[in-house]
Each structure stands twice: as C-alpha cells, then as structure tokens.
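So the chains spell out like this:
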Amino acid sequence: MSHHGIITELREWLSTQIIGQERLIDRLLIALLADGHLLVEGAPGLAKTKAIKDLSKAVEGDFHRIQFTPDLLPSDITGTEVFRPEDGSFRFQKGPIFHNLVLADEINRAPAKVQSALLEAMAEHQVSVGRESFTLPPLFLVMATQNPIEQEGTYPLPEAQVDRFMLKLNIGYPTREEERRILDAMATTSPKLDVEAVITQQEILEARKAVDAIHVADPIRDYIVSLVLATRGQHPGGPDLAKFLQFGASPRATINLTLAAKAWAFLQGRDHVTPQDVKDIAPDVLRHRLILTYEADAEGVDADAIVRRVLDAVSVP
C-alpha cells in the first residue's frame, strides 16, 4: 500500500472512532506528517483527549497523558536524577515527555516554569540535565488542550511561547445528527478497547519523506510570504491592521504554513500545493501568532477575523 493509502486508512479508522470532529482528526494528522505540535481549545467533552488516545492506539508507539495542575514541577515533565545508593551515583529517570505521543491536558492549569519545560523540549527535541542532553524520539507529537471556561486560577500560555505550536485549533459542539451518532456509538458500559495498530512508526517516517517531496511552486511560496507580511502591515495592498494588531506572525509562521500546506496537500492525494491548501490551513497556523490590541478586544475583533481580512485582501496567484 502507498504512503497516502496507509494514512488514508488511518484517517478513515479515526473517523469511525471520533464522530463530528473531522477537522481535529485532519489537524492531528497534519501535525503527525509535518513533525509539528497541536494546541486545541474547546469546552469539555468534545473528544479532544479521545482523539489523541485513539491515534495512539492506531500508531505503533507509546502514549502518555499528563494532567497539568498548579502543583506540577518541571521535573514531572522532563524527568529527574535519581540517587543510586549501591554506587553513590545519580541516574537520570526519564519523564513522560520521552513518549511518542504526549497529551498535555489543560496546559493552562500549570505555572509558567512547567509550561516552559514542555515547550523547550518541543522546540529543542531534547532535554538537558546538567551536562547531559537526552534526545526525544524521532516520532514525537505533543497535543496540548486548553479549556476556555473556568479561567480563574489558570496560567495563560505566553504569546511568545505559544508560537512553538504549529497549529492551534478551536473546536465546537457537534451537529444534532453527529450528536445522535455519538450517542449510538458511545452510550455503552463495555466499549471495545483492543485495537491493532494501523500504522507503524517507520511508515509514518516514510510518509514524512513523501510530504517533504510535495512540490511548492514559487508563486505559492510568494503567496505564503505575502500572507505573513500582511499580518505585519508590510505587504503592499494588504489590509490596514495597525489599529488591531500589536505584532504580526513571526517567520516561524512562514515555515509552518508551508509545511502544514504540504501535509494537507498530501492528505488530499496531490503531489503539489495549491493556493486553496494554503487558505484552508492558514487560520490554524496564524490565529495563535497574532497579538491583538486592546482596541481589537473592545471592538470584538478576534484573530480569526484578522486572518479572514488578510486572506480576502492578499491576491491569490
């Protein structure tokens, strides 16, 4: 079976397990294929946790869920040195970050030091303890969740650090039809738990090579750069956003928008990126990278509205 066929099989299996969250499934697969990480915001009970748990069942790899709480320490994420009385030495005990798939549940409930430990490991792909560095697995995906309700006593992710996530997805409630399908599928006290892996780690790594080979023509590359520059007010003919934006998207956005568009094109079964691929994925790549002004907040203009203005204003190649 081709790389695309294997990923399609995985996608179809996930769709049978997670009803009404196709965008979440697609964005998880984009992050998996583009070696990125995913931040998901949504109310409780919308299958955020179930999505990555089911992905971990289908992938030949290990999974760990970290429930973020205010009393968590950085070493609870990265690991700690353990004293060995038999020879008087210390040995590093790896923490949960060293798994292939990591769910950082309610990341905004833990203080800044813990968030930074996770985000630094994500960015560096390693953990440093003293003079030693420990490399994370080649297949390494973090999905962090945020709960938009109960904001008292939480620690919002710093804007500069949230940039480490390739994608940020806001998810909502399912439709009436989807809700009924969820009821029919899940209202049981004996769910089916034993699932055989659909895809191996090696197959994912091979699929990543296929994604790397997806062609991005020069006009598409210029279009991506124009979109990012427009968020900074640096693109001629772009929308006037000075009133609403303190800072636009960083160069990391340019890179991630290209990588995510390539992964999205791969999922569509194409060997090249189209302008529509870029437009489809742009909101999820850009929304968490824009720092809005108080005026934007006062006028009810959110990041998604800014991205829509940019996409409408920048001419498509």
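The structure displayed is predicted, hence computed values, not measured ones. (Residues numbered from 1 in each chain as written. Predicted model: local features only at pLDDT ≥ 70, side-chain atom pairs only at ≥ 80, totals over all residues. Heavy atoms only, no water.)

(A) Fine view of unusual backbone geometry. Not every positive phi belongs to a glycine, and Glu106 is a case in point at roughly 55 degrees. Looking at the secondary structure, you find Glu106 in the loop between strand 5 (101-105) and helix 5 (112-124). Assessed through its relative accessible area of 18%, Glu106 is described here as buried. Positive phi, normally seen in glycine, also occurs at His125, with a value near 60 degrees. (Helix = DSSP H or I, 4+ residues; strand = E, 2+ residues; numbered from the N terminus. Buried < 20%, exposed > 50% of the residue type's maximum accessible area, 1.4 Å probe, protein only.)

(B) Spotlight on the packing of aromatic side chains. Scanning the entire structure with this criterion turns up two aromatic pairs. Summarising the aromatic geometry, the rings of Phe92 and Phe98 are spaced 6.1 Å apart at their centres and angled 70 degrees between planes, so their arrangement reads as edge-to-face. Residue classification places Phe92 among the buried positions, given a relative accessible area of 13%. For Phe98, a relative accessible area of 11% gives the class buried. Ring centres 4.4 Å apart and planes at 20 degrees place the aromatic pair Phe92 and Phe134 in the stacked group. Within this pair, whereas Phe92 is found in strand 4 (residues 89-94), its partner Phe134 is found in strand 7 (residues 132-135), the two being separated by 42 residues in sequence. Like Phe92, the residue Phe134 is buried in the burial classification. Over the aromatic face of Trp264 sits the side chain of Arg27, whose NZ or CZ is 5.3 Å from the ring centroid. (Phe/Tyr/Trp six-rings, centres within 6.5 Å; stacked < 30°, edge-to-face > 60°. Lys NZ or Arg CZ within 6 Å of the ring centre and 35° of its normal.)

(C) Examining helix 10 (residues 251-267) more closely. Here helix 10 is 17 residues long and its end C-alpha atoms lie 25 Å apart, about the 24 Å a rise of 1.5 Å per residue gives. Of all 17 residues making up helix 10, 13 are buried, and the element is well covered by its neighbours. Positive phi appears at Gly269, one or two residues downstream of helix 10, with a value of about 85 degrees. (Expected span 1.5 Å × (residues − 1).)

(D) Spatial organisation of the layout of surface pockets. Quantified by volume, the largest pocket comes out at close to 790 Å³. As for the largest pocket, its lining consists of 25 residues, of which Glu41, Glu159, Lys168, Arg287 and Leu290 are closest to the centre. Elements supplying a minimum of two residues to the lining of the largest pocket: strand 1 (38-41), helix 6 (159-162), strand 9 (167-170), strand 11 (291-292), helix 12 (294-298) and helix 13 (303-313). For the lining of the largest pocket, the class distribution of residues is 11 nonpolar, seven polar and seven charged. (1 Å grid on protein atoms, 1.4 Å probe; cavity = no way out; pocket = protein on both sides within 12 Å on 5 of 7 lines; lining within 4 Å. Points joined across faces, edges and corners; volume = space filled by probe spheres on them. Nonpolar A, V, L, I, M, F, W, Y, C, P; charged D, E, K, R; others polar.)

(E) Geometry of the packing of helix 2 (residues 22-33) against helix 10. At a minimum axis distance of 9 Å, the contact between helix 2 and helix 10 shows a crossing angle of 115 degrees. Judged by the twist between their axes, the crossing of helix 2 over helix 10 is right-handed. Across from Asp26, Arg27, Leu29, Ile30 and Leu33 in helix 2, the residues of helix 10 making contact are Ala260, Ala263, Trp264, Phe266 and Leu267. In the contact of helix 2 with helix 10, the residues fall into eight nonpolar, no polar and two charged. (Axes fitted to C-alpha atoms, helices over the stretch in contact; angles between N-to-C directions. Left-handed = near helix turned anticlockwise from the far one by under 90°. Contact = heavy atoms within 4.5 Å.)

(F) Representation of the pattern of salt bridges in the model. The final tally for this structure, using the stated rule, is 16 salt bridges. In this structure, Lys50 and Asp54 form a salt bridge, with 2.8 Å as the shortest nitrogen-oxygen distance. With Lys50 and Asp54 both in helix 3 (residues 48-58) and four residues apart, the pair spans about one turn of that helix. A residue is classified by how much of its surface remains accessible, and Asp54, at 1% relative accessible area, is buried. Taken together, the shared-partner salt bridges connect Arg23, Arg27, Asp284, Arg287 and Asp304 into one network. (Salt bridge = Lys/Arg side-chain N within 4 Å of Asp/Glu carboxyl O.)

(G) Highlighting the sheet that holds strand 5. A sheet is described by the order of its strands in space; here five strands give the open sequence 2-5-8-1-9, paired in parallel fashion. The open sheet has two free edges, formed respectively by strand 2 (63-67) and strand 9, since each of these has just one partner strand. Strand-to-strand, the axes of this sheet are offset by a mean angle of 15 degrees, without reference to chain direction. Pairing geometry for strand 1 and strand 8 (residues 141-146), over four bridges, is parallel. Note on strand 8: the bridge partner recorded for Val40 is Thr145. (Pairing = 2+ DSSP bridges.)

(H) The arrangement of the side chain of Gln115 in detail. Topologically, Gln115 is positioned in helix 5. Judged by its relative accessible area of 1%, Gln115 falls in the buried class. Of note is the side chain of Gln115, whose polar atom sits 3.0 Å from the backbone oxygen of Ala110. What Gln115 contacts, discounting residues up to four positions off in sequence, is Ile107, Asn108, Ala110, Tyr155, Pro156, Leu157, Pro158 and Gln161. (Polar contact = N/O pair within 3.5 Å; in protein donor to acceptor, adjacent residues only side chain to side chain.)

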